[in-house]
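Each chain, letter by letter, is given below.
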Amino acid sequence: MKINVQDERIAKRDYTLQEMVDAAPVRLNLAERVPKAEGEAFDLKAWYRSWKQTNGGEGVTEPTHLRVEAVDEFQALMAWSQLDQAACLYASGGAPLQKGYPLRLYIPNGSSECLNVKSIVKLEFIHDPSLGDEAAYGFKNQISAEELRMKK
Ligand SMILES: Nc1nc2c(c(=O)[nH]1)N[C@H]1C(S)=C(S)[C@@H](COP(=O)(O)O)O[C@H]1N2
Ligand SMILES: [Mo]
């Protein structure tokens, strides 16, 4: 299963989970940031910054939002400012995730646990201040793009 990463100003590429993990500059035990959780994770913003460099995006400004999409078409949109402590869980006890494979996002102190999207297959880094600060989530086929933006 591949994970699609895109930033409209930089690149759009598919990665294996192993490639994603190998490229992560900051790895941690999720419990350091989410006391009730545990497992091997990497810091999201550090990952993005490294990816940006590797793909010739040095001059590109930080995104305004992240949109993630899961295998079951659940998706979430959130402001970049909410993501300082965000981490991607990729393994537990050295084994692939039983719940949330291949990748699960955790946003410590986020506006909602609903944003901890499981089974992520797409990470989209967005540059669009008009999307606002309010996070949104839901199933892709049940809400329009406009509603996704507006939903609280
Ligand atoms: N892929 C996917 N991720 C998801 C969801 C979902 O339906 N699909 N539900 C979200 C919601 S609404 C919540 S409250 C949490 C629940 O996390 P849990 O299964 O660890 O209790 O996962 C979030 N991540
Ligand atoms: Mo939820």
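Scroll up for the structure.
Procedures and definitions
- Residues numbered from 1 in each chain as written.
- Chains lettered and ligands numbered in written order.
- Predicted model: local features only at pLDDT ≥ 70, side-chain atom pairs only at ≥ 80, totals over all residues.
- Heavy atoms only, no water.
- Buried < 20%, exposed > 50% of the residue type's maximum accessible area, 1.4 Å probe, protein only.
- Helix = DSSP H or I, 4+ residues; strand = E, 2+ residues; numbered from the N terminus.
- Pairing = 2+ DSSP bridges.

> Can you lay out the pairing of strand β6 (residues 74–79) for me, pointing to particular residues and giving the numbers?
The buried fraction of β6 is high, at six of six residues. What you see with β6 is no split at all: F74, A76 and M78 on one side and Q75, L77 and A79 on the other are buried throughout. Across five bridges, strand β5 (residues 65–70) lies against β6 in antiparallel orientation. Residue E69 lies in a different strand from β6, and its bridge partner there is Q75. Two successive antiparallel strands, β5 and β6, enclose a turn made up of three residues, where E73 displays a positive phi of approximately 75°. Bridge count for β6 against strand β11 (residues 136–139) is four bridges, and the pairing is antiparallel. Bridge pairing in β11 links Q75 to G138.

> Summarise helix α2 (residues 44–54); cite the residues concerned and give the values.
Within α2 the residues assigned to the buried category are L44, K45, A46, W47, Y48, W51 and K52. In the stretch just after α2, G56 is the one whose phi turns positive, near 75°.

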